[in-house]
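Inside the fold
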Amino acid sequence: MAITDIREFAHLTDADIDELGRELDTIRRDVEESRGAADARYVHNVIRLQRALEIGGRALLFGSRYRPVWLVGTGMLAVAKIVENMELGHNIVHGQWDWMNDPEIHSTTWEWDQTGPSSQWKRAHNYSHHTYTNVVGMDEDVQFGIIRITRDIPWRPINLAQPLANILLAATFEWGIALHDWKVTQEAERARGATDLGDLRREFVRKATRQVVKDFVLFPALTGPAWRSTMSANAAANVIRNVWAHAVIFCGHFPDGAEKFTVEEHERETKAQWYLRQMLGSANISGGRVMDFMTGNLSYQIEHHLFPDLPSNRLREVSVRVRALCDKYDLPYTTGPLSRQYLLSMRTVLKLSLPDRFLRATSDDAPETSSERKFRALSRVGAEAQAEAVIDPVTGRRSGLRSALRRLRGR
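Heads up: these notes are all about the structure in this document.

Right, let's talk about the overall build of the protein chain for a bit. What the protein chain contains, in helices and strands, is 17 helices and 6 strands. A compact globule built from 411 residues would reach a C-alpha radius of gyration of about 22 Å, and the protein chain, at 23 Å, matches this within 12%. For the protein chain, the proportion of its 411 residues judged to be buried stands at 55%. Taking as baseline every contact in the protein chain between residues at least 6 positions apart, the subset at least 24 positions apart corresponds to 73%. With an accessible surface of roughly 18,100 Å², the protein chain has 60% of that area assigned to carbon and sulfur atoms. Between the averaged position of the 54 positive side-chain charges in the protein chain and that of its 52 negative side-chain charges there is a distance of 6 Å.

And the structure:
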């Protein structure tokens with residue numbers, strides 16, 4: 001099963017974890033105290049760029065009956081939608097720019113360019129996902145619809161369809177997110193004792209209707225004789241945006257090394273252990289500044305999960321300090337090119353569509369799911385002694401999870 005004792009799994013003492021938490025608090029405080037004009041200028045420049053791309057793309061679609069114009073216009077519109085969703089919508093609704101007190105660029109007022117209402121996404125994502133990241137049974141993102149991505153979730157016959165379902169999910173990702181968020185929000189309201197959920201349904205229908213009318217009625221109609229090619233361009237831009245967002249999200253949460261946790265582990269965790277869970281449950285994407293921008297800086301998924309409300313443009317510098325902490329405490333820093341992270345994620349989707357009897361590893365030592373129990377064969381001493389033995393007696397260096405994983409692979 002998933003990790004039940006994060007202290008034992010990480011090969012750290014309670015004192016180590018507490019100190020790690022204090023060092024991460026310091027990073028947060030340093031960024032908060034240094035936010036200022038340069039950060040505000042960054043987000044305003046991104047908004048100007050995004051709007052220029054969208055206006056330019058939609059203007060070109062007046063000539064979309066000509067194939068080259070269609071291609072350029074569709075490409076510009078697709079990039080505009082990606083930037084709006086990833087670097088603007090996602091991050092603004094997270095509250096990353098609330099410190100500016102700008103009524104336009106604020107988590108309570110921004111409505112992003114996709115099917116689901118921002119308010120329902122905030123409830124499902126900002127709270128449920130970021131609070132219970134990768135806790136099996138609490139984080140709904142661990143099982144997105146019928147997509148099984150950990151052996152801790154029992155196999156069902158419908159999982160045989162998940163390779164095809166995943167392709168459909170990628171192409172219609174905005175709808176998958178919207179329906180997922182609506183479901184999670186309804187469940188949260190029922191848990192609070194609400195019986196009339198009509199307002200949530202009407203909010204969802206209004207936003208979805210407005211989005212469909214905008215992309216497939218209003219803007220095509222504005223281009224007159226080119227309405228058919230404009231409609232196809234809007235559809236293509238949406239699919240490109242959806243596939244890209246799907247890839248970025250899966251690469252940040254489901255490649256090898258993004259660990260899963262039990263409810264019991266979550267229930268007794270401290271703030272420092274919550275930090276540690278975010279570090280062990282997330283994965284980054286390497287690729288440089290263009291990749292960072294086009295992913296909304298979710299290429300720094302580890303740092304985003306540690307500090308979800310810090311400005312996205314600061315995560316690159318934060319990553320240097322987080323990586324140094326991983327070196328200090330001998331913790332893995334899970335990162336890799338998008339192609340590698342995506343292939344690992346898709347391998348998990350394909351593999352776990354099969355019943356467990358066809359799989360070789362167990363949920364304690366599989367590449368996509370592991371627990372502290374897989375290390376116990378490495379040592380004859382008990383788990384407590386193993387957790388305490390964090391300093392290599394020969395080199396004097398800390399011997400933590402990263403070293404333990406190397407020893408396991410060697411064995």
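This next bit is on the nonpolar core. In terms of nonpolar packing, the biggest core is built from 34 residues, with Leu24, Leu276, Met279, Val322 and Leu331 touching the most fellow members. Within the residue set of this core, elements represented by two or more residues are α1 (6–10), α2 (14–34), α11 (271–280), α13 (301–306), α14 (315–328) and α17 (401–410). Here this core takes 6 residues from α11, the largest share from any one element. Counting 33 residues, the second largest nonpolar core, distinct from the first, contains Ile82, Ile105, Trp121 and Leu169.

Another point: the pattern of salt bridges. By the definition in use, this model includes 33 salt bridges. With its nearest N and O atoms 2.6 Å apart, the salt bridge here joins Arg202 to Asp199. A residue pair is termed a helical-turn pair when its members lie 3 or 4 positions apart in one helix, as Arg202 and Asp199 do in helix α8 (residues 198–222) at 3 residues. Here Arg202 falls in the partly exposed class, since its relative accessible area comes to 40%. The class for Asp199 is exposed, based on a relative accessible area of 56%. One salt-bridge network, held together by shared partners, links Glu54, Arg58, Lys81, Asp113, Lys214 and Asp215.

Turning our attention to unusual backbone geometry. Even without a glycine there, the phi angle at Asn101 is positive, about 55°. Looking at where Asn101 falls in the secondary structure, it is placed in the loop between α4 (67–93) and α5 (118–131). Exposure remark for Asn101: the relative accessible area of 64% places this residue in the exposed category. A positive phi is found at Asn297, a non-glycine position, where the angle reads about 65°. Considering the arrangement of structural elements, one finds Asn297 in the loop between α12 (289–294) and α13. The exposure class assigned to Asn297 is buried, which follows from its relative accessible area of 6%.

In this section: α4. In this model α4 runs 37 Å from its N-terminal to its C-terminal C-alpha over 27 residues, within 8% of the 39 Å that 1.5 Å per residue would give. Asn85 marks the point of greatest bend in α4, at about 35°. The buried count for α4 comes to 19 of 27 residues, which makes it a mostly enclosed element.

Next up on the list: the packing of aromatic side chains. Going through the model one piece at a time under the given rule, you end up with 9 aromatic pairs. Both rings, one in Tyr127 and one in Tyr132, keep their centres 5.9 Å apart while their planes meet at 85°; by these two values the pair is edge-to-face. When the centroid spacing of 5.7 Å and the interplanar angle of 55° are considered together, the rings of Trp274 and Tyr275 count as tilted. Grouped by ring-pair contacts, the aromatic residues Tyr42, Trp97 and Trp99 constitute a single cluster. The ring centre of Phe219 lies 3.8 Å from the NZ or CZ of Arg58, which sits over that ring. The lysine or arginine in question, Arg67, covers the ring of Trp70, its NZ or CZ lying 4.7 Å from the ring centre.

This part takes up the state of the cysteines. Tallying each qualifying case throughout the model produces 0 disulfides. Sulfur of Cys251: no disulfide; nearest cysteine sulfur belongs to Cys326 and is 19 Å away. Take Cys251: its relative accessible area is 0%, and that puts it in the buried class. Here Cys326 falls in the buried class, since its relative accessible area comes to 2%.

Turning to helix α15 (residues 338–351), a few remarks are in order. Between its terminal C-alpha atoms α15 stretches 20 Å, which fits the 20 Å expected from 14 residues at 1.5 Å a residue. Residues Leu338, Gln341, Leu344, Ser345, Met346, Thr348, Val349 and Lys351 constitute the buried set of α15. Buried residues belonging to α15 abut β2 (147–148), α6 (162–171), α9 (227–253), β3 (284–286), α12 and β4 (335–337).

So, how was this worked out
- Residues numbered from 1 in each chain as written.
- Predicted model: local features only at pLDDT ≥ 70, side-chain atom pairs only at ≥ 80, totals over all residues.
- Heavy atoms only, no water.
- Helix = DSSP H or I, 4+ residues; strand = E, 2+ residues; numbered from the N terminus.
- Rg over C-alpha atoms; globule rule 2.2 N^0.38 Å.
- Buried < 20%, exposed > 50% of the residue type's maximum accessible area, 1.4 Å probe, protein only.
- Contact = heavy atoms within 4.5 Å.
- Areas by Shrake-Rupley, 256 points an atom, 1.4 Å probe, with all protein chains shown as cover.
- Lys, Arg positive; Asp, Glu negative; His and termini not counted.
- Charge placed at Lys NZ, Arg CZ, Asp CG, Glu CD.
- Core = buried A, V, L, I, M, F, W, Y, C linked by side-chain atoms within 4.5 Å.
- Salt bridge = Lys/Arg side-chain N within 4 Å of Asp/Glu carboxyl O.
- Expected span 1.5 Å × (residues − 1).
- Bend = angle between axes of the 7 residues up to and from the residue.
- Phe/Tyr/Trp six-rings, centres within 6.5 Å; stacked < 30°, edge-to-face > 60°.
- Lys NZ or Arg CZ within 6 Å of the ring centre and 35° of its normal.
- Disulfide = S-S within 2.5 Å.

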